[in-house]
Amino acid sequence: MTIAITGATGQLGRLVVEKLKQKVASSEIVALVRDPAKAADLGVAARAFDYSKAEGLDAALQGVDTLLLISGNEIGQRAVQHANVIEAAKKAGVKHFVYTSLLRADSSPLSLAPEHAQTEQAIKASGLDYTILRNGWYTENYTASVGPALGLGALYGSAGEGKISSAARADYAEAAAVVLTSAGHQGKTYELAGDASYTLSELAAEISAQSGKTIPYTNLPEADYAAALKQAGLPDFFAEAIASWDTGASHNALFDEDHQLSRLIGRPTTPLKASVKAAL
């Protein structure tokens, strides 16, 4: 069996490859990447694969039995790019199509949701056997702010007291590896999130406890948070998107208590305490 992973040199993709290598021979894994030279350190075969270039994608998928489509990062272009991959998978005879979507993509208020929902619909209409992994937030999305929070003396955001059920990227990668290498997942949609939820106030308290510095959480209106992110150097579009996602989190868009992720991987998800420690 040949398992291919798109975006294999990305942050999630690299972890998926490593998790897969613990379950199957490296010879059964193919990394699909824009630049195969950047995949040399993965220890698996690599093929050129660009979501935006429909021509030739099916050739890159020849001999692939199971495909993991890790959603692209070009917001606004992903529905079309993903459709290119779905069509190529059909032409190449892929037997099992797995996709990393968004938690409750069909009802989420987050601006990321529509493209994921469109992709899910296209997958279901394709006739391919599929599994949809609706990934919740990565804890690293928030622990990336640990350093800046320590430097500024406060953690800033717009999530209010919304509950966030995030998990480490490695947890989601392990779930993908399980689905890619075991039976019984076809036709299923998994809502994946961390076992324990927290607010940004609680994240700030954890940073304070581990760093020995008092780091309060300062909640800002969405526009003010976006302006602060722009001042910190983020592009306007991305700053506004991050602030809007925080506002979504304030309405519990990132909260889940079904524990499907920990059941799928057969262990508890990574605790917030461990993720903060790794970020310090």
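Here the structure is shown first, and the text comes after it.
All residue numbers refer to position in the chain's written sequence, counted from 1. The predicted origin of the model limits local features to residues at a pLDDT of at least 70 and limits the giving and counting of side-chain atom pairs to 80 or more, whereas totals for whole chains, interfaces and linings rest on all residues. To obtain the side-chain values, all non-hydrogen atoms of the structure were included, while hydrogens and water were left out.

Student: Looking at this structure, I do not really get the overall build of the protein. What am I missing?
Tutor: Helix and strand counts for the protein stand at twelve helices and nine strands. All radius of gyration figures rest on C-alpha atoms, and the globule criterion is 2.2 Å times the number of residues raised to 0.38. In terms of overall dimensions, the protein is globule-like: its C-alpha atoms have a radius of gyration of 19 Å, near the 19 Å expected for 280 residues. Contacts are assigned to residue pairs with any non-hydrogen atoms lying within 4.5 Å of each other. Considering only contacts within the protein whose residues lie at least 6 apart along the sequence, 75% involve residues at least 24 apart. A total of about 12100 Å² of accessible surface is found on the protein, and carbon and sulfur atoms cover 51% of it. Labels follow the DSSP assignment, with helices taken as runs of H or I lasting at least four residues and strands as runs of E lasting at least two, numbered in each case from the N terminus. Reported accessibility uses the Shrake-Rupley method at a 1.4 Å probe radius. Residues are deemed covered only where the shown protein chains occlude them.

Student: Any chance you could explain the pairing of strand S1 (residues 3–6) here in plain terms?
Tutor: Within a regular beta strand, the side chains point alternately toward one face of the sheet and then the other, so they alternate between its two faces. Burial classes: relative accessible area under 20% of the type maximum marks a residue as buried, over 50% as exposed, and values in between as partly exposed (1.4 Å probe, protein chains only). Of the two faces of S1, the one carrying Ile3 and Ile5 and the one carrying Ala4 and Thr6 are both buried. Strand pairing follows a simple DSSP-based rule, namely that at least 2 bridges must link the two strands. Where S1 and strand S2 (residues 29–33) come together, four bridges link them in parallel fashion. Bridged to Ile3 within S2 is Ile29. With helix H1 (residues 11–21) bridging S1 and the parallel S2, this β-α-β connection has right-handed handedness. Here S1 pairs with strand S4 (residues 66–70) via three bridges, running parallel. Bridge pairing in S4 places Ala4 opposite Leu67. Think of it like this: strands point away, you trace from the first strand over the helix to the second, and a clockwise trace means the crossover is right-handed.

Student: Please clarify how the environment of Leu61 should be interpreted in this entry.
Tutor: Tracing the chain through its elements places Leu61 in the loop between helix H2 (57–60) and S4. Residue class for Leu61 comes out buried when judged on its relative accessible area of 0%. Measuring from C-alpha to C-alpha, the distance between Leu61 and Val30 comes to 9.4 Å, with 31 residues separating the pair along the chain. Ignoring any residue separated from it by four or fewer positions in sequence, one finds Leu61 in contact with Leu32, Arg47, Phe49, Leu67, Val85, Ala88, Ala89 and Ala92.

Student: Just to check I follow, could you spell out the pattern of salt bridges for this structure?
Tutor: Should the charged atoms of two oppositely charged side chains come close, the side chains can pair. Here, a salt bridge means any Lys or Arg side-chain nitrogen found within 4 Å of an Asp or Glu carboxyl oxygen. Tallying each qualifying case throughout the model produces 15 salt bridges. We note a salt bridge from Asp106 to Arg134, for which the minimum N-O separation is 3.3 Å. With Asp106 in the loop between strand S5 (96–102) and helix H4 (113–126) and Arg134 in strand S6 (residues 130–135), the pair connects residues that are 28 residues apart, well separated along the chain. Overall, the relative accessible area of 6% leaves Arg134 in the buried class. Close ionic contact of Lys230 with Glu240 constitutes a salt bridge, the shortest N to O distance being 2.7 Å. Here Lys230, found in helix H9 (residues 222–231), pairs with Glu240, found in helix H10 (residues 236–250); they are ten residues apart in sequence, far enough to count as distant. Each of Lys19, Asp171, Glu174 and Arg267 takes part in salt bridges that share partners, so that together they form one network.

Student: For this particular structure, what's the right way to read a nonpolar patch on the surface?
Tutor: Residues Ile75, Phe237 and Phe238 make up a contiguous nonpolar surface patch of roughly 270 Å² in combined accessible area. In this structure, Phe238 sits in helix H10. Here a patch means residues that are over 30% exposed by relative accessible area and free of salt bridges, tied together within 9 Å if like-charged and within 5 Å if nonpolar (Val, Leu, Ile, Met, Phe, Trp, Tyr).

Student: I tried to follow the packing of H1 against helix H7 (residues 169–181) on my own but got confused; where do I start?
Tutor: As a packed pair, H1 and H7 sit with axes 8 Å apart at the nearest point and diverge in direction by 50°. On the basis of their axis angle, the class for H1 and H7 is oblique. With respect to the hand of their crossing, H1 and H7 are arranged in right-handed fashion. Counting all contacts with H1, which are made through Gln11, Leu12, Leu15, Val16, Lys19 and Leu20, the residues of H7 involved are Arg169, Ala170, Tyr172, Ala173, Glu174, Ala176, Ala177, Leu180 and Thr181. Just so you know the grouping, Ala, Val, Leu, Ile, Met, Phe, Trp, Tyr, Cys and Pro go in nonpolar, Asp, Glu, Lys and Arg go in charged, and all remaining residues, Gly too, go in polar. Here the contact of H1 with H7 is built from residues that sort into ten nonpolar, two polar and three charged. The axes are straight lines fitted to the C-alpha atoms, using for helices just the contacting stretch, and the angles between their N-to-C directions are given from 0 to 180°. Any angle from 65 to 115 degrees is called roughly perpendicular, while one under 35 is roughly parallel, one over 145 is roughly antiparallel, and all others are oblique. We call a crossing left-handed when the near helix sits turned anticlockwise from the far one by less than a right angle, and right-handed when that turn is clockwise.

Student: Before we go on, may I ask you to explain the environment of Leu133 in this structure?
Tutor: Turning to its location among the elements, Leu133 is positioned in strand S6. Leu133 gets classed as buried once you look at its relative accessible area, which sits at 1%. If sequence neighbours within four positions are ignored, Leu133 has contacts with Val98, Tyr99, Thr100, Ser101, Ala176, Val179, Tyr190 and Leu192.

Student: Explain H9 to me, please; I cannot follow it from the model alone.
Tutor: For an α-helix the count is 3.6 residues per turn, leaving residues at separations of three or four pointing the same way. For H9, the complete set of buried residues consists of Tyr225, Ala226 and Leu229. With its buried residues spanning 100° around the axis, H9 presents them on a single face. H9 presents Ala223 and Gln231 as exposed residues on the side facing more than 90 degrees away from its buried surface. Looking at the residues trailing H9, positive phi occurs at Gly233, about 110°. The arc under discussion is defined with respect to the helix axis, by the directions toward the C-beta atoms.

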